[in-house]
Amino acid sequence: MSNQQHSPALAQGTNLAFPAATVLGYPRIGPNRELKRAVEAFWAGRVSAAQLEQQAAELRSRTRDHLVSLGLTEPAAVPSSFSFYDQVLDVVATVGAVPPRFAHLRAADGSLDRAAYFALARGDDEVAPLEMTKWFDSNYHYLVPEIGPETELRLVSDRIVAEYVEAREAGVVTRPVVVGPVTFLLLSKPSNDAPAGFRPLDRLPDLLPVYAELLGRLADAGAPWVQLDEPALVTDALDVPAERVRAAVTDAYRALASDLAVGAQRPAILLAAPYGDLGDNLPVVAASDVEAVALDLVKGHTPAPDVVEGLARKTLVAGVVDGHNVWRADLDARLAQVEALAALGGRVTVGTSTSLFHVPHTTAAETQLGAGLRSWLAFADEKVAEVVTLARGLVEGRDAVAGEIAAASAALADRATAAGVRVEAVRARTAGLTPSDLERGDAADRRTAQAARLGLPPLPTTTIGSFPQTTDIRVARAAHARGELSDAQYDAAMEAEIARVIALQEEIGLDVLVHGEPERNDMVQYFAELLDGFAVTRNGWVQSYGTRCTRPSILWGDVSRPAPMTVRWTRFAQSLTPRPVKGMLTGPVTIMAWSFVRDDVPLAETANQIGFALRDELADLEAAGVAIIQVDEPALRELLPLRRADQPAYLDWSVSSFRLATSGVRPGTQVHTHLCYSEFGEVIGAIDALDADVTSIEAARSRMEILDELRASGFGRGVGPGVYDIHSPRVPSVEELGELIGLAAADVDPGLLWINPDCGLKTRGYAEVTPALTNLVAATRAARAAQVTV
């Protein structure tokens, strides 16, 4: 796998030697969420666009210098993977693929200023934003491009080049990172004006010259390498035939690597394929003329380079350090893996399986964790150190890193035998699981019992659960954590907020209320703090989308529930109103997906452990008189394997864990679930198999696209397709909401239709939420008056 030595398309003077150690990307929010604060200050008008750019440049500078200090010292070892919001949106802004509704925001040359860039992500008073959905099998959300035959594609931004030049002038030769052309188009959706049968991939011939021009500008700036991310090649769960995807890869990388015009120049290309195994796409990638290929060898398989045509001519970047989870690597085993690859005779360097933006910055900030647990972990900085160590071991021999290998092995041995990692009582309970634990009785009988108990009007209105987390709530929570507010004082503050939220909902006129969740820091962390087997971080922030950051909990041991977790707050809320108040829980799959889950037991075992813990909580809520209990599973689609052959087993255990949690309640107790921001058509059967009485689903941004799939599947349960997009600051009008309600009523039996927002309201402010919900209720009442219902 030695590098190609001659290629007329490569820039003169380009150093083709790929660095011995690298990572595919690094957290871009800043160790103290500096980017989040800067961007949100810009949105609020507290800083100018120029000030935002300056703060971002300072963050990029600190990141580059930090990565060099960690050992990524060779040219092109440091990835340039910064984004103000989203890497897919960055390509939209670079190639000018702006939907017509945003045309008024474009400058004369087709470019977007910073405010316009954010408008595509967030919308404005008049225009809805781009859709958002999950990025492969991660909890990151990307913005979905809209591409049609009419979409203009030309290079309108040189920000990628400018950031390379910025780094070079500061003394660091970086490696620009760009979503590859095939993945960009495969992740796009047809524009509203696209004809039937059109696929965005049809525009590949038009997009490739734009990428070629970008590569030429990078070459002119002196960039020796560019990284083109093509994660779409590791999945076969696409609506494009596999043969066409392979043909697109061949065409794309022939055009970019081989067929540039005479005299054109380009950097050497690293084609990165994270999140899984390339499978049948590996020979196509290997046969291309790119200079390096990065493979995910954590979720993927180790290739046999001697039998794959073309791979022997390339540098193989072995992604043996897990960029998607936080467990310390087995350096002994990983070094053996790269040694075996190198023994085949080609050039091998060491890298991460994915970008590190899926993990927090460093364990050094988590001094409150026990020394044992902390020694089992590796966040981004520790993973960089692991990559550097493995590269050194590969180059200099095992003796050079014997101490690091011994330390890693000792930590792994300690983890395997630590108290709480295996709890026999928990294992015995899951081993005793029977099919009857997953059954709840006939859905029609339940519907009759629930209608008699609840007495709800047609098109009942509700929200998804959380209400805005105000500054006062956060101040009280922080003061309580510091010991400055007693338990009694904290409880009183939360009760006052719950009372305010209940009164507001009654005033607005909602039919089914929620307590607003003021006591919850996060829909997963709250439960992780109350369940055995979890640990939580103080500074372990990762980006979920845009400026939205979460702190995934660490699921390190067997899971059980020592005491009730939500009953106290739900009972109090219900005491304030005669209207039903939903109990609110997070489902087992979402708790796992939004945590760093243990890798030493099957996922199905952990899911059942959490399912039993939640089953106990539902029983206590029901005993407290709660008539409706919502168990959120927004991550059901998120964990779906990227290969179709692996999906049935996942869907079996994920659905079973939800049913385990919810099947212990009586027929008259109504079970809701909620899903958001995924391609649900792929899991419609699983959604039905959850056997929830009511399912609320994100639908506003897509204007009810999901309903076609629900109708086609024969879905016959209660459903609440969201009509209010809470991920945008816009306040939808009564007319806009009424139109969406009408679309929903045209596809869903009105007797089964609920009206609700897309998701929880935690991240919004009351200045938006109150008028939006008021409009939602007004639109619903108008629909009832117009006899939309049966």
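Residues numbered from 1 in each chain as written. Predicted model: local features only at pLDDT ≥ 70, side-chain atom pairs only at ≥ 80, totals over all residues. Heavy atoms only, no water.

Where an unreviewed UniProt entry is consulted, the protein appears under the name 5-methyltetrahydropteroyltriglutamate--homocysteine methyltransferase, with the organism given as Sanguibacter hominis ATCC BAA-789. UniProt annotates the protein under Pathway (unreviewed entry) with the comment "Amino-acid biosynthesis; L-methionine biosynthesis via de novo pathway; L-methionine from L-homocysteine (MetE route): step 1/1." Its UniProt record gives the protein a comment under Function (unreviewed entry), which states: "Catalyzes the transfer of a methyl group from 5-methyltetrahydrofolate to homocysteine resulting in methionine formation." (UniProt positions renumbered as here; feature names shortened; annotations may be inferred.)

1. Description of the sheet that holds strand β17 (residues 595-596)
With mixed pairing, 3 strands are arranged side by side in an open sheet as β12-β15-β17. Strands at the two margins of the open sheet, each flanked by one partner only, are β12 (532-535) and β17. Of the strand pairs in this sheet, β12 and strand β15 (residues 553-560) are connected by 3 bridges, and their pairing is antiparallel. Looking across to β15, one finds that D532 is bridged to S560. Its contacts with the sheet place helix α21 (residues 603-623) against β12 and β15, and it is angled at close to 70° to β15. (Pairing = 2+ DSSP bridges. Helix = DSSP H or I, 4+ residues; strand = E, 2+ residues; numbered from the N terminus. Contact = heavy atoms within 4.5 Å. Axes fitted to C-alpha atoms, helices over the stretch in contact; angles between N-to-C directions.)

2. Focus: the pattern of salt bridges
Taken as a whole, this structure holds 50 salt bridges when the rule is applied. The partner of D691 in a salt bridge is R446, and the shortest N-O contact between them spans 3.1 Å. Of this pair, D691 sits in the loop between α23 (684-689) and β20 (694-697) while R446 sits in helix α15 (residues 443-454), placing them 245 residues apart in sequence. Taken as a pair, D691 and R446 share a single burial class, namely buried. R764 is the partner of E768 in a salt bridge, and the nearest nitrogen-oxygen pair spans 2.4 Å. In this pair, the class of E768 matches that of R764, namely buried. Ionic contacts of the salt-bridge type, sharing partners, join the residues R415, R427, D558, R598, D599, D600 and E605 into one network. (Salt bridge = Lys/Arg side-chain N within 4 Å of Asp/Glu carboxyl O. Buried < 20%, exposed > 50% of the residue type's maximum accessible area, 1.4 Å probe, protein only.)

3. Focus: the UniProt feature "binding site: 5-methyltetrahydropteroyltri-L-glutamate" (unreviewed entry) in the protein
Within the UniProt annotation, "binding site: 5-methyltetrahydropteroyltri-L-glutamate" (unreviewed entry) is assigned to R33, E34, L35, K36, K134, N139, R548, C549, W594 and E638. These annotated residues cover 606 residues of sequence, and their C-alpha atoms reach 27.5 Å apart at the extremes, leaving them scattered rather than at a single site. When you line up the elements, E34 lands in helix α1 (residues 34-43). Given the relative accessible area of 23%, E34 is considered partly exposed. With respect to the helices, strands and loops of the structure, L35 is situated in helix α1. If sequence neighbours within four positions are ignored, L35 has contacts with R28, I29, L59, F82, S83 and F84.

4. Observations concerning the side chain of R598
Within the secondary structure layout, R598 lies in the loop between β17 and α21. At a separation of 2.8 Å, a polar atom in the side chain of R598 contacts the side chain of D600. Residues contacting R598, with those up to four places away along its chain left out, are W327, R415, V421, R427, L555, W556, G557, D558 and T606. (Polar contact = N/O pair within 3.5 Å; in protein donor to acceptor, adjacent residues only side chain to side chain.)

5. Quick notes on the packing of aromatic side chains
The full count for this structure, using the stated rule, is 16 aromatic pairs. Look at W43 and Y85: their rings are 6.4 Å apart centre to centre, the planes differ by 45°, and that puts the pair in the tilted class. Of this pair, W43 sits in helix α1 while Y85 sits in the loop between β1 (78-80) and α3 (87-95), and the two are 42 residues apart along the sequence. Y85 sits in the buried class, given a relative accessible area of 4%. Here a set of aromatic residues connected by ring pairs shows up, and it is made of F42, W43, Y85, Y117 and F118. In this arrangement the basic side chain of R60 is found over the ring face of F82, its NZ or CZ atom lying 4.8 Å from the centre. For the cation-ring pair, R122 lies above W43, with the distance from its terminal atom to the ring centre recorded as 3.7 Å. (Phe/Tyr/Trp six-rings, centres within 6.5 Å; stacked < 30°, edge-to-face > 60°. Lys NZ or Arg CZ within 6 Å of the ring centre and 35° of its normal.)

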